[in-house]
Amino acid sequence: MKISSIIFSKVIFTLLLARIQYTINWFNISSIFYFIALDFNLNINTLGLITTSFLIGVGLFQVPAGILVAKYGPKRLSIIGILLSSSMALISGFSQDALQITISRFVVGAGMAFFFGASVTLISNQLGKGNEGLGVGLLNSGHAIGALLGIFGWVALTEIIGWRLSIIIGGIIGLGIVLIMRIGLSKEDNKKDFKIKSNELKDVLLNKSLIILGITLLGYQTGASLILTFIVLFLIEEIHINPIIAGLLGSLSLIIGIIISPISGKIYDKFKRAKKLLFISAILSALSIMLLATNSIYIIIISLIISGIFLSIGFVVIYARARESKKIIPDYHTLSVGYVNGISLFGSFWIPLIFSFTVSQFSYMTAWLCAGITIIILSLPILKLDSEKNIDDIN
């Protein structure tokens, strides 16, 4: 089946729209940190705290979300996730200080946790067995489109209407997507007759494959979150680039990801070489992020392109691989993906704080170099991942 015909399936098209909107509200606030900092007179450490609060929220609720999806079905939880995150994103536009923004971003993250794993399950069920990589790749393309709009689009929008109204608009769009999801996902199962068993939960939470994938994903998450959170601010403050141009350059890795994600998903579905793909991609991603430790705009552009390619491959392969352990029953596949994602997101909550602290005490150059080294260290456990010849588990 051609990718074009797949996208125009009602269910998949609805999920991609939701994924795009979800990602807009994920990244739009970090892209306009410069304007928020001016309004509230904030330093980079406080901005890092806002991002950390969000990551704790989205990471902390991944496992509860996976359990609830097994109990009540992915459709209901995906809609609840978009409703909660969009409502709180809208409310955050009325924040009067940094504390209110920090609290609201925690709740936005919690809502997003309920959508993510459920969306992977919904799209995988729609495409059928053997197309897990393609499904995740399509969702990641939607993620890249949403991040592109959230970073570049919201910088431009904020220049015109101000940061508060731009965030409110993001929330309103999300509430509109909720209505579309109720129609577009109408044929999907909603309530399930399923009982949670502690021994089955244990099989997921103690699964060595998933823990290794989560640690490796933490490395990819480190690279992606630092680029998408701080690259615009870095380009404005350090390279002295116009905010709109900075937003466009900061979106380069996302533009690459739109194209690479579904392609890498198809490649993974065909060859199943998770260990090699992940280790090579992690090393090249780390090196590309180290290249940001320069004042040369040309090297920075090359770095963003390379990181866009290999970070995209990493995310697709990890999420697809997380669903494939035969020792985990299908009803817990959402939990498997959410657990891996939760390890990476909750584990990365300290990254923005350390990065912003390093910038304030040393420099952006030192911070980018340390980020690259961190990714390399976190990629080492992937060498212990089981061979694709026996994809069941690590023993």
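Use the structure listed above.
Residues numbered from 1 in each chain as written. Predicted model: local features only at pLDDT ≥ 70, side-chain atom pairs only at ≥ 80, totals over all residues. Heavy atoms only, no water.

## Some details on the overall build of the protein chain
- In terms of regular secondary structure, the protein chain is built from 18 helices and zero strands.
- A compact globule built from 395 residues would reach a C-alpha radius of gyration of about 21 Å, and the protein chain, at 19 Å, matches this within 12%.
- With respect to the principal axes defined by its C-alpha atoms, the protein chain has extents near 55 × 45 × 40 Å.
- Within the protein chain, the fraction of its 395 residues that count as buried is 60%.
- Of all intrachain contacts in the protein chain linking residues separated by at least 6 positions in sequence, the fraction that spans at least 24 positions is 87%.
- Carbon together with sulfur atoms contributes 69% to the accessible area of the protein chain, which is approximately 15400 Å² in total.
- Positive and negative side-chain charges of the protein chain, numbering 29 and 18 respectively, have mean locations separated by a distance of 8 Å. (Helix = DSSP H or I, 4+ residues; strand = E, 2+ residues; numbered from the N terminus. Rg over C-alpha atoms; globule rule 2.2 N^0.38 Å. Buried < 20%, exposed > 50% of the residue type's maximum accessible area, 1.4 Å probe, protein only. Contact = heavy atoms within 4.5 Å. Areas by Shrake-Rupley, 256 points an atom, 1.4 Å probe, with all protein chains shown as cover. Lys, Arg positive; Asp, Glu negative; His and termini not counted. Charge placed at Lys NZ, Arg CZ, Asp CG, Glu CD.)

## Remarks on empty space enclosed by the protein
- What the rule picks out here adds up to two cavities of 30 Å³ or more.
- When its volume is computed, the largest cavity comes out at roughly 380 Å³.
- Forming the walls of the largest cavity are 25 residues, and the residues nearest its centre are His-143, Ala-224, Leu-228, Leu-254 and Phe-315.
- If you list the elements that add at least two residues to the lining of the largest cavity, you get helix H2 (10-31), helix H8 (132-161), helix H11 (208-237), helix H13 (252-271), helix H15 (297-322) and helix H16 (333-347). (1 Å grid on protein atoms, 1.4 Å probe; cavity = no way out; pocket = protein on both sides within 12 Å on 5 of 7 lines; lining within 4 Å. Points joined across faces, edges and corners; volume = space filled by probe spheres on them.)

## Overview of helix H12 (residues 243-250)
- Looking only at H12, the buried set comprises Pro-243, Ala-246, Gly-247, Leu-249 and Gly-250. Across the axial projection of H12, the buried residues extend over an arc of 165 degrees, all falling on one side. (Arc of directions from axis to C-beta.)

## Some remarks on the environment of Leu-49
- Mapped onto the elements of the fold, Leu-49 is located in helix H4 (residues 44-60).
- When its relative accessible area of 42% is taken as the criterion, Leu-49 is described as partly exposed.
- Expressed as a C-alpha distance, the spacing of Leu-49 and Leu-84, which sit 35 residues apart in the sequence, is 21 Å.
- Those residues in contact with Leu-49, other than ones at most four positions away along the chain, are Thr-102 and Leu-353.

## Overview of the nonpolar core
- Of all hydrophobic cores here, the largest spans 114 residues; its most connected members are Ile-36, Leu-213, Ile-231, Phe-234, Leu-235 and Trp-368.
- A total of 16 residues in this core trace back to one element, the largest contributor, which is H11.
- If we skip the residues at most four places from it in the chain, Trp-368 touches Leu-226, Ile-227, Ile-231, Phe-234, Ile-289, Met-290, Leu-292, Ala-293 and Phe-355.
- Of all hydrophobic cores here, the second largest spans five residues; its members include Ala-65, Val-69, Leu-77 and Ala-118. (Core = buried A, V, L, I, M, F, W, Y, C linked by side-chain atoms within 4.5 Å.)

## Quick word on unusual backbone geometry
- For Asn-41, which is not glycine, the phi torsion reads 55 degrees and is therefore positive.
- Tracing the backbone through its elements, the reader meets Asn-41 in the loop between helix H3 (33-40) and H4.
- For His-240, which is not a glycine, the phi torsion comes out positive at approximately 60 degrees.
- You can see His-240 is positioned in the loop between H11 and H12.

## Focus: the packing of aromatic side chains
- On inspection of all chains with the given rule, the structure shows 15 aromatic pairs.
- Consider the rings of Phe-40 and Trp-163, whose centres lie 5.7 Å apart with planes at 75 degrees: the pair is edge-to-face. On the criterion of sequence distance, the pair formed by Phe-40 in helix H3 and Trp-163 in helix H9 (residues 163-184) is long-range, its members being 123 residues apart. With respect to burial, Phe-40 and Trp-163 carry one shared label: buried.
- Relative to Tyr-319, the ring of Phe-315 has its centre 6.2 Å away and its plane inclined at 40 degrees; by these criteria the two rings are tilted. Of this pair, Phe-315 and Tyr-319 both sit in helix H15, four residues apart, which is roughly one turn of that helix. There is no split in this pair, since Phe-315 and Tyr-319 are both buried. (Phe/Tyr/Trp six-rings, centres within 6.5 Å; stacked < 30°, edge-to-face > 60°.)

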